Amino acid sequence: MQNQLFINGVWVAPASGQMFDVVDPSDRKVFHQVAAGGAADVDAAVRAARAAFDQGPWPRMSGAARAAILRRMGDEITARTDELARIEVRDNGKPLPEAIWDIEDTAGCFHFYADLAERFDNNSVQEIALSMDEFTSKAVKEPVGVAGAIIPWNFPMLMAAWKVAPALAAGCTMVLKPSELTPLTALELGVIAQKAGLPDGVLNIVTGFGPDAGQPLTEHPGVNKLAFTGSVPTGSRIMATAAQDIKTISLELGGKSPMVVFEDADIAEAVEWILFGIFWNQGEVCSATSRVLIHEDIYPALMERLVEEARKIKIGHGLNEGVLLGPLVSQSQYEKVLSAIEMGKSEATLVTGGGVPEGLEHGCYVEPTIFADVPTDTWIWNEEIFGPVVCIRKFAAEEEAIDLANDTRFGLGAAVLSNDLDRAERVARAFRAGIVWINCSQPTFTEAPWGGYKQSGIGRELGEWGFNNYLETKQITTYDRSKPWGWYIKD
Ligand code: NAD
């Protein structure tokens with residue numbers, strides 16, 4: 001496993017010489033050390049990316065040539081799926097089957113954007129019909145320049161891919177700053193890029209802490225665009241910093257995503273989607289189904305089944321067979337979630353979970369936790385917990401459910417379960433959220449737009465939307481000199 005910084009195609013030690021610990025949350029033991037990058041390293045990385053953009057081949061290559069390299073990266077990720085997934089289990093804690101999904105999606109993301117890069121050759125120029133026939137005009141799409149990407153720890157390699165693959169496909173060069181909690185698979189992207197023949201300086205990776213490495217990246221005048229996924233407070237700070245020199249930004253922030261379950265929903269299916277919605281990836285998911293509104297007619301029956309099934313969820317080390325819930329990512333996240341649960345106990349009815357599973361005290365494990373009859377003016381109903389904790393209450397009428405679902409400062413995901421597809425569609429349209437699921441919750445597709453309304457973010461990742469994040473649009477207008485121009489050039 002790598003532990004140095006990847007700058008200009010070379011693995012280098014940080015200017016400070018400092019390293020930081022990488023901790024396995026399943027036993028709280030240090031198992032690796034990684035370079036603690038700082039402002040000087042970020043500066044070197046941005047300069048390398050700048051030179052690769054301003055003078056290097058990457059933005060000037062055809063999309064097809066870029067696609068060939070991106071495909072090789074995707075193929076190499078696929079070839080290393082099991083190894084990379086196991087690194088993810090150790091670094092993040094998630095169960096192996098979910099880590100394998102992550103790596104498969106990561107490879108898929110590179111392949112998807114390779115195809116878009118290829119199509120870009122034909123789509124990058126659009127002729128524009130003008131109202132004056134003295135002129136012809138076209139819109140040309142070009143890479144935005146040097147991108148700075150700052151990512152969180154919940155899907156370490158996949159979050160990197162969501163930014164690296166479209167940015168490189170568009171012809172940008174970049175500096176990636178992974179989370180200090182999960183730096184390992186992002187560093188492997190450097191190895192993969194080298195092997196695939198990505199030109200030096202196109203992708204640079206600087207590990208380190210937010211204030212030491214992330215902040216200098218957001219402040220650096222050599223960066224044209226910032227792409228961030230993480231918490232609302234950090235996103236807000238990045239936006240304020242980016243405003244100083246008008247960098248383009250896209251932000252993917254937190255959520256408190258609702259699910260509305262109508263009386264005609266299938267109870268067994270509802271149980272499955274609620275459990276998956278809140279407990280997959282330990283609930284450390286920005287779009288997690290963390291607020292559930294259940295129609296009063298099925299509330300008692302559904303709650304009974306839900307609690308029964310939640311208690312069966314196998315908790316343990318991510319490499320153990322049948323485990324659905326691994327440890328939380330870190331000691332600080334573990335403490336944060338446990339204190340949120342304590343807060344919840346004073347605000348609502350705890351119906352299951354709420355503690356540390358017996359025999360797993362050596363790791364950052366927290367039980368799947370369900371709060372019922374949660375009042376809407378409580379802390380747990382309104383704040384993102386980012387752990388395996390769901391808040392549930394009942395409703396009586398469709399409009400009430402929509403109002404409750406939308407009564408939040410977030411707007412990332414929302415779900416509706418109903419046998420009546422007209423009603424489901426009506427409710428889906430009424431949600432103020434960027435990603436809406438009907439009769440399911442959480443499935444995510446590289447082809448479809450991902451992002452939030454309100455404080456859940458700005459812009460969309462994935463699909464063509466994610467590609468456009470990394471493009472500028474230029475107008476090129478040509479004057480037909482054979483036609484007279486009335487104002488100054490008279491003869
Ligand atoms: P965080 O905001 O603490 O950290 C995210 C990244 O920002 C890390 O790499 C961190 O080092 C860096 N950072 C911290 N301070 C910085 C600063 N001052 N300047 C620049 N960079 C800085 O978030 P986290 O705890 O890593 O992740 C959890 C949060 O991410 C949750 O709130 C979750 O909702 C959100 N999230 C959102 C999505 C989405 O798609 N919308 C996806 C995953 C996670």
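These lines cover the structure that appears in this document, whether it is placed above or below. Computed from a predicted structure; not experimentally measured. (Residues numbered from 1 in each chain as written. Predicted model: local features only at pLDDT ≥ 70, side-chain atom pairs only at ≥ 80, totals over all residues. Heavy atoms only, no water.)

Bringing the overall build of the protein into the picture now. The secondary structure content of the protein amounts to 15 helices and 20 strands. A compact globule built from 491 residues should have a C-alpha radius of gyration of about 23 Å, and the protein, at 24 Å, falls within 12% of that. Summarising its shape, the C-alpha atoms of the protein cover approximately 85 × 55 × 40 Å along the three principal directions. Residues classed as buried in the protein amount to 57% of the 491 residues present. When contacts within the protein are restricted to residue pairs at least 6 apart in sequence, those whose partners lie at least 24 apart make up 72%. Working note: accessible area of the protein is about 19,900 Å², and carbon and sulfur atoms make up 52% of it. Looking at charge distribution, the protein has the averaged site of its 42 positive side-chain charges lying 5 Å from that of its 66 negative ones. (Helix = DSSP H or I, 4+ residues; strand = E, 2+ residues; numbered from the N terminus. Rg over C-alpha atoms; globule rule 2.2 N^0.38 Å. Buried < 20%, exposed > 50% of the residue type's maximum accessible area, 1.4 Å probe, protein only. Contact = heavy atoms within 4.5 Å. Areas by Shrake-Rupley, 256 points an atom, 1.4 Å probe, with all protein chains shown as cover. Lys, Arg positive; Asp, Glu negative; His and termini not counted. Charge placed at Lys NZ, Arg CZ, Asp CG, Glu CD.)

Turning our attention to the environment of Gly359. Along the chain, Gly359 falls in the loop between β14 (349–352) and β15 (369–372). For Gly359, a relative accessible area of 52% translates into the label exposed. Along the backbone, Gly359 and Glu308 are 51 residues apart, and their C-alpha atoms lie at a distance of 21 Å.

Here we come to the sheet that holds strand β20 (residues 471–479). The three strands are arranged β5-β6-β20 in an open sheet whose pairing can be described as antiparallel. Edge positions in the sheet fall to β5 (125–128) and β20, since each has one partner strand and no second. Each strand axis lies, on average, 25° off the axis of its neighbour in the sheet, ignoring direction. Where β5 lies against strand β6 (residues 135–143), four bridges are found, and the strand directions are antiparallel. Of the residues in β6, the one forming a bridge with Ile128 is Ser137. (Pairing = 2+ DSSP bridges. Axes fitted to C-alpha atoms, helices over the stretch in contact; angles between N-to-C directions.)

Moving on, we get to the site of the ligand. The immediate surroundings of the ligand are formed by 27 residues, with Lys177, Glu180, Ser231, Leu253 and Glu384 found nearest. Within the contact set of the ligand, a nitrogen atom lies 3.1 Å away from a side-chain nitrogen or oxygen of Gln215. A distance of 2.6 Å is found between a nitrogen atom of the ligand and a backbone nitrogen or oxygen belonging to Leu253. Protein burial of the ligand: of its 850 Å² of free accessible surface, 90% is covered by the chains. Elements with a minimum of two residues in the shell around the ligand: α7 (210–219), β10 (225–229) and α8 (232–244). Residue classes in the shell around the ligand are distributed as twelve nonpolar, ten polar and five charged. In this structure, the shell around the ligand is formed jointly by two domains, domain 1 (5–252 + 461–476) and domain 2 (258–438), each of which donates at least three residues. (Near = heavy atom within 4 Å. Polar contact = N/O pair within 3.5 Å; in protein donor to acceptor, adjacent residues only side chain to side chain. Nonpolar A, V, L, I, M, F, W, Y, C, P; charged D, E, K, R; others polar. Domains from an automatic or database assignment.)

With that out of the way, let us pick up helix α2 (residues 63–79). Between its terminal C-alpha atoms α2 stretches 24 Å, which fits the 24 Å expected from 17 residues at 1.5 Å a residue. Residues of α2 that are buried make contact with α3 (81–92), α4 (96–123), α5 (156–170) and α6 (184–196). (Expected span 1.5 Å × (residues − 1).)

Any two aromatic rings considered together are summarised by their centre-to-centre distance and by the angle between their planes. Evaluated as defined, the whole model comprises 15 aromatic pairs. Between Phe120 and Phe467 the ring centres are 5.5 Å apart and the planes differ by 85°, which places this aromatic pair in the edge-to-face class. Placement of Phe120 in helix α4 and of Phe467 in helix α15 (residues 463–468) is noted, with a sequence separation of 347 residues between them. Taken individually, Phe120 and Phe467 each receive the classification buried, so the pair is uniform in this respect. Ring geometry for Trp162 versus Trp450: centroids 5.6 Å apart, planes at 70°, classification edge-to-face. Residue Trp162 is located in helix α5, and its partner Trp450 is located in the loop between β18 (435–438) and β19 (457–458); the two are separated by 288 residues in the primary sequence. The buried category is assigned to Trp162, whose relative accessible area is 8%. Ring pairing ties together the aromatic residues Trp101, Phe155, Trp273, Phe276 and Trp280, which thus form one cluster. The aromatic ring of Tyr334 is capped on one face by Arg28, whose charged end is 4.9 Å from the ring centroid. Taking NZ or CZ as reference, Arg423 lies 4.0 Å from the ring centre of Phe262, over its face. (Phe/Tyr/Trp six-rings, centres within 6.5 Å; stacked < 30°, edge-to-face > 60°. Lys NZ or Arg CZ within 6 Å of the ring centre and 35° of its normal.)

Tallied over the entire structure, the rule returns 23 salt bridges. Across the pair Arg429 and Glu425 runs a salt bridge whose closest N-O atoms are separated by 2.9 Å. Placement of the pair is Arg429 and Glu425 together in helix α14 (residues 421–430), with a separation of four residues, close to one helical turn. Assessed through its relative accessible area of 68%, Arg429 is described here as exposed. Connected through shared salt-bridge partners, Arg71, Asp115 and Glu118 make up one network. (Salt bridge = Lys/Arg side-chain N within 4 Å of Asp/Glu carboxyl O.)

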